[in-house]
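What follows is each chain in one-letter form.
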Amino acid sequence: MELWGAVIKHACLAHLDPLDTTHELSFLEHSSSPLDTYRVSIKDKLSYCLVSSQWNAYAKEFLYEFIWISSASQAKSLAHLLILQSLQESLSYGSYIRRLHIETPVLQLCAPADLRSILENAPGLCIYSDHHSIQRSLYDDGRCSSEEILKLVAQPKIRRLSWTCYSDAPLQPRLIPLWTNLAANLEFLELSSCSPNVHTTVLPVVASASAGSGMDVRLPSLRSLRMSLDDEAFAVLSSWDMPQLSHLSVLAADFSHTDPGFASFFRAHGCKLVQLELGHAPSLTEDHYLTTPPSARSLPPSNRRMPLAEWCPNLREFICAADAEWHWQSPDWLPTHCLLPSHPSVELIGIRGIDIRLRDDPDLLSGEAYFTLHEQLSSLLHVDAFPALKFVRDMSSGIDLMRSGRPGARVLQFWERLVRTCKKRGVWLEDHAGINVSRGTLLRAAMNPSGLEAF
């Protein structure tokens, strides 16, 4: 009997081990079609459950181990099933749930009451992800508020949490359940906002910069943090105790990176970071430099710049986007991100969105394919900008599209120029999986007889 249990366990984990998230702590990792993989895995597990009652007993645990909710009706059906079982049986299927992922279309948001019923019957939950998929209104039952839901999630077993804040209230009271410091095993935390209103004025932000000082939160195991919030969130999180934090992703595009909360966070935690992802600088950042008061503009440049490289001295990996625009202060040089134009110890730079640029960038009269994009990537290779650089990685599917199809003449010319530029500097060019891209890669793609033109 034990042998059959081991066989079925390994068969259920053939496509996906839902509890193995060690590779997901780094933002360099690439996951392709997770929902498709989940559906294939569930189909196999269902087939095992239908073989016999004995197989059903073994496979049922793995069938409910990972639940992906993609519609409101699925959440309601699961909630009703777990409630009925809790009333009729001593052991509910909810005791098998270890990972819950909620990602629905906008018109299929889940009811908070259904989510609460699921969480109340899932005592072993260790991974929870909500991607802007819960209904919210002004008339929510207090038992189903965001704070009450977070109380059910922020327990000692939780290891990975993706949390969405739905209201305009200050962040500090919305995260009160974390004050209990029960989530001592939390390794990954993602915080995002689904609020319809965005505040970008200066005075409220300055007031909130000191508001986070009284929030006593300790996350001793947290290693990876992803944020898509405003400057207030940085001010609040600057006071958190996160001794193991090493990976940070900042994807917000609705606030100024030059506000005090952003600076206070990096002063407090920047020295621990080895990997940093910065979304492309929003227009507010550029506007800050254009609208700086004359008294500030009269200061020396060293006093006006944001010393991100100094705040993050141990940084080894940097991820940015390929959508930066020509900077008005240095029109002859295009940095990857205006907040980190250089760093002495960065060894790897990952770039997102190259495939979009290859698809959308227009032809130039100069005749050089993707001239602006090539100049941006070439700026990474300046010895005085990133002297320790060893790898440049395409985080998009641009290289894969080129390999699976026959690249157009402009695309091929761009990659050939980039490969030559990287080789001259002694830097390896990689695809999203970390595989080296060479001239031989380009020649094989050009000779692909059956592929369709990639771009």
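Shown above is the structure to which this text applies.
Residues numbered from 1 in each chain as written. Predicted model: local features only at pLDDT ≥ 70, side-chain atom pairs only at ≥ 80, totals over all residues. Heavy atoms only, no water.

Considerations on the nonpolar core
Part 1 of the argument: Grouped together as the largest cluster of nonpolar side chains are 105 residues, with contacts concentrated most on Leu100, Tyr128, Trp240, Phe266, Leu308 and Trp415.
Part 2 of the argument: With seven residues, the top contributor of residues to this core is helix 18 (residues 409–425).
Part 3 of the argument: Not counting residues up to four positions away in its chain, the partners in contact with Leu100 are Ile67, Ile69, Leu115, Ile118, Leu119, Leu125, Ile127, Tyr128 and Ser129.
Part 4 of the argument: Leu25, Phe27, Leu28 and Phe188 belong to the second largest nonpolar core, which has seven residues in total. (Core = buried A, V, L, I, M, F, W, Y, C linked by side-chain atoms within 4.5 Å. Buried < 20%, exposed > 50% of the residue type's maximum accessible area, 1.4 Å probe, protein only. Helix = DSSP H or I, 4+ residues; strand = E, 2+ residues; numbered from the N terminus. Contact = heavy atoms within 4.5 Å.)

So, the packing of helix 16 (residues 371–379) against helix 18
Part 1 of the argument: One can describe the packing of helix 16 onto helix 18 by two numbers: an axis separation of 11 Å at closest approach and a directional angle of 15°. Judged by the angle between their axes, helix 16 and helix 18 are roughly parallel. The two elements helix 16 and helix 18 meet at a crossing, and its hand is right-handed. For the pair formed by helix 16 and helix 18, the contact residues are Leu373, His374, Leu377 and Ser378 on the first element and Phe414, Arg417, Leu418 and Thr421 on the second.
Part 2 of the argument: Split by residue class, the contact of helix 16 with helix 18 holds four nonpolar, three polar and one charged. (Axes fitted to C-alpha atoms, helices over the stretch in contact; angles between N-to-C directions. Parallel < 35°, antiparallel > 145°, perpendicular 65-115°, else oblique. Left-handed = near helix turned anticlockwise from the far one by under 90°. Nonpolar A, V, L, I, M, F, W, Y, C, P; charged D, E, K, R; others polar.)

Side note on helix 5 (residues 112–120)
Part 1 of the argument: Counting buried positions over the nine residues of helix 5 gives seven, a clear majority of the element.
Part 2 of the argument: In this fold, the buried residues of helix 5 make contact with strand 1 (66–69), helix 4 (72–88), strand 2 (99–102), strand 3 (127–130) and helix 6 (146–153).

Description of the pattern of salt bridges
Close approach of charged atoms lets side chains of opposite charge pair.
Part 1 of the argument: Scanning all chains against the criterion turns up nine salt bridges.
Part 2 of the argument: Lys151 is the partner of Glu148 in a salt bridge, and the nearest nitrogen-oxygen pair spans 3.3 Å. Taken together, the residues Glu148 and Lys151, both in helix 6 and three residues apart, mark about one turn of the helix.
Part 3 of the argument: Judged by relative accessible area, which is 24%, Glu148 ranks as partly exposed.
Part 4 of the argument: A salt bridge links Asp360 to Arg359, with the nearest nitrogen and oxygen atoms 2.9 Å apart.
Part 5 of the argument: Since its relative accessible area comes to 45%, Asp360 is described here as partly exposed.
Part 6 of the argument: Sharing partners across several salt bridges, the network here consists of Arg116, Glu120 and Arg143. (Salt bridge = Lys/Arg side-chain N within 4 Å of Asp/Glu carboxyl O.)

Considerations on the environment of Gly279
Part 1 of the argument: Considering the arrangement of structural elements, one finds Gly279 in the loop between strand 8 (275–278) and helix 11 (283–290).
Part 2 of the argument: A sequence separation of 28 residues divides Gly279 from Leu251, and the C-alpha atoms of the two residues are 4.6 Å apart.

Description of the sheet that holds strand 12 (residues 428–430)
Part 1 of the argument: On the basis of which strands lie adjacent, the open sheet formed by twelve strands has the order 1-2-3-4-5-6-7-8-9-10-11-12 and parallel pairing. Lying at the two open borders of the sheet, with one neighbouring strand each, are strand 1 and strand 12. Ignoring strand direction, the axes of neighbouring strands in this sheet form an average angle of 10°.
Part 2 of the argument: Pairing of strand 6 (residues 224–228) with strand 7 (residues 247–250), which is carried by four bridges, proceeds in the parallel orientation. Residue pairing across strands places Arg226 opposite Ser249, the latter belonging to strand 7. (Pairing = 2+ DSSP bridges.)

Regarding the pairing of strand 10 (residues 348–352)
Part 1 of the argument: Of all five residues making up strand 10, four are buried, and the element is well covered by its neighbours.
Part 2 of the argument: Relative to strand 10, strand 9 (residues 317–321) runs parallel, the two sharing five bridges. The residue of strand 10 that forms the bridge with Glu317 is Leu348.

Things to note about the side chain of Asp394
Part 1 of the argument: Looking at where Asp394 falls in the secondary structure, it is placed in strand 11 (residues 391–394).
Part 2 of the argument: In terms of polar contacts, Asp394 uses its side chain to reach the side chain of Ser396, at 2.6 Å.
Part 3 of the argument: Contact partners of Asp394, with chain neighbours within four places excluded, come to Ile351, Ile354, Ile399, Trp415, Glu430, Asp431 and His432. (Polar contact = N/O pair within 3.5 Å; in protein donor to acceptor, adjacent residues only side chain to side chain.)

Thoughts on the packing of aromatic side chains
Part 1 of the argument: Counted according to the given criterion, the structure contains 14 aromatic pairs.
Part 2 of the argument: Seen in terms of ring centroids, Phe265 and Phe266 are 5.6 Å apart; in terms of plane orientation they differ by 80°. Their pairing is edge-to-face.
Part 3 of the argument: Owing to a relative accessible area of 0%, Phe265 belongs among the buried residues under this scheme.
Part 4 of the argument: Three or more aromatic residues link up through ring pairs in this structure, and these residues are Phe234, Phe262, Phe265 and Phe266.
Part 5 of the argument: Here Arg99 stacks its cationic end above the ring of Phe66, 4.6 Å away from the centre of that ring.
Part 6 of the argument: Over the ring of Phe188 we find Arg160; its NZ or CZ atom is 3.7 Å from the centre of that ring. (Phe/Tyr/Trp six-rings, centres within 6.5 Å; stacked < 30°, edge-to-face > 60°. Lys NZ or Arg CZ within 6 Å of the ring centre and 35° of its normal.)

Here we look at helix 16
Part 1 of the argument: Leu373, His374, Gln376, Leu377, Ser378 and Ser379 are the residues of helix 16 that are buried.
Part 2 of the argument: Considering only its buried residues, helix 16 is in contact with strand 9, strand 10, helix 15 (354–360) and helix 18.

Observations concerning the side chain of Ser378
Part 1 of the argument: Structurally, the position occupied by Ser378 is in helix 16.
Part 2 of the argument: In this structure Ser378 comes out as buried when scored by relative accessible area, which is 12%.

Regarding the packing of helix 5 against helix 6
Part 1 of the argument: Two elements in contact, helix 5 and helix 6, have axes whose closest approach is 10 Å; the angle formed by their N-to-C orientations is 20°. As far as their axial angle goes, helix 6 and helix 5 are roughly parallel. Considering the relative orientation of helix 5 and helix 6, their crossing is left-handed. The segment helix 5 lies against helix 6, with Pro112, Leu115, Arg116, Leu119 and Glu120 engaging Glu148, Ile149, Leu152 and Val153.
Part 2 of the argument: Here the residues of the contact of helix 5 with helix 6 sort into six nonpolar, no polar and three charged.

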